[in-house]
Amino acid sequence: MILNQWYAILPSKSVKPQGIVGLKRLNLNLALFRNAQGELGCVVDQCSHRGAALSKGEMKGNCLMCPFHGLEFDPRGECTFVPALGKASTADLRRFNVTAYPVREKHGIIYFWYGDSAKVTEELPFFAAHVDETYVYSEIEDHWEAHYSRCIENQLDVVHVPIVHHNTIGKGN
Ligand code: FES
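Residues numbered from 1 in each chain as written. Predicted model: local features only at pLDDT ≥ 70, side-chain atom pairs only at ≥ 80, totals over all residues.

Help me understand the overall build of the chain, please; the structure alone is not making it clear to me.
Check the secondary structure of the chain and you find two helices and 10 strands. Secondary structure elements of the chain, listed N to C terminal, follow the sequence β-β-β-β-β-β-β-β-β-β-α-α. Based on the C-alpha atoms only, the size of the chain along its principal axes is roughly 70 × 35 × 30 Å. Residue burial in the chain is summarised as follows: out of 173 residues, 21% are buried. Restricting to contacts in the chain with at least 6 residues of sequence separation, those with at least 24 account for 42%. (Helix = DSSP H or I, 4+ residues; strand = E, 2+ residues; numbered from the N terminus. Buried ≥ 20, exposed ≤ 12 C-beta atoms within 10 Å, placed from the backbone. Contact = placed C-beta atoms within 7 Å.)

Is there a simple way to think about the nonpolar core in this case?
One recurring pattern in soluble globular proteins is that nonpolar side chains are buried together. The biggest cluster of nonpolar side chains holds 28 residues, and the ones touching the most others in it are Ala 31, Leu 32, Cys 42, Leu 64, Phe 73, Ile 110 and Phe 112. Of all the secondary structure elements, the ones that give two or more residues to this core are β1 (5-11), β3 (28-34), β4 (40-44), β6 (63-65) and β10 (109-114). (Core = buried A, V, L, I, M, F, W, Y, C linked by C-beta atoms within 7 Å.)

Just to check I follow, could you spell out the pairing of strand β2 (residues 20-25) for this structure?
It is a general feature of regular strands that their side chains alternate between the two faces of the sheet. Two strands pair when backbone bridges link them, and β2 and β3 are joined in this way by six bridges, in the antiparallel orientation. Residue pairing across strands places Ile 20 opposite Phe 33, the latter belonging to β3. Linking β2 to β3, which pair antiparallel, is a turn of two residues; within it Leu 26 sits at a positive phi near 55 degrees. (Pairing = 2+ DSSP bridges.)

What should I look at first to understand the environment of Cys 66 in this one?
Relative to the helices and strands, Cys 66 is located in the loop between β6 and β7 (72-73). Classification of Cys 66 as buried rests on a count of 28 C-beta atoms within 10 Å. Once the C-alpha coordinates of Cys 66 and Ala 53 are considered, the two residues, 13 residues apart in sequence, prove to be 7.5 Å apart. When sequence neighbours within four positions are dropped, the list of residues in contact with Cys 66 reads Cys 47, His 49, Ala 52, Leu 54, Gly 57 and Leu 71.

Is there a simple way to think about the domain arrangement of the chain in this case?
When cut into domains, the chain gives domain 1 (5-119) and domain 2 (128-164). Each of domain 1 and domain 2 has a C-alpha centre, and the two are 30 Å apart. (Domains from an automatic or database assignment.)

Help me understand the sheet that holds β4 in this model?
Pairing between the strands of a sheet is mediated by backbone hydrogen bonds and can be parallel or antiparallel. Taking strand neighbours across the sheet as the criterion, the three strands line up as β2-β3-β4 in an open arrangement whose pairing is antiparallel. Bordering the open sheet on either side are β2 and β4, each of which pairs with just one other strand. Sheet twist, expressed as the mean angle between neighbouring strand axes with direction ignored, is 25 degrees. Where β3 and β4 come together, five bridges link them in antiparallel fashion. Pairing of Arg 34 across the sheet is with Leu 40, part of β4. (Axes fitted to C-alpha atoms, helices over the stretch in contact; angles between N-to-C directions.)

Shown next, in the form of structure tokens:
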């Protein structure tokens, strides 16, 4: 992959209010979640305590709660609560922080920054510079058991369609 770029990873609507989605992108297992304030978080899908999948947890206010022992994490990956320590605890919880990844939303798309978080750019990739306001777009979801580079190459190679798919989608072309 090319480092230090934004990648479109999921439609915004896929992460509902107070929802959690586990997914694999860029060979990373991620837990995406939306807290009570609508803020989107993206953390590694592995709890810092004993490794449970955070995507199997639940939302508690502004935090994602691990399904195993209930540690809570905010959208920055910071551990905010350890139930076993009790509400009155003043212990330093930073050792439980999990890796959080920069994410942004625009055009109904969730973008993920792959690379050095110190190099995050404000501009998100889109087609706006190349199309006018009449432009519309839609999306489909289709899982292919193939490397992403093969999928892109396949979609760009339109001239194979009437040959390879002459009796289906390429019929008549
Ligand atoms: S494994 Fe997550 S709280 Fe223990």
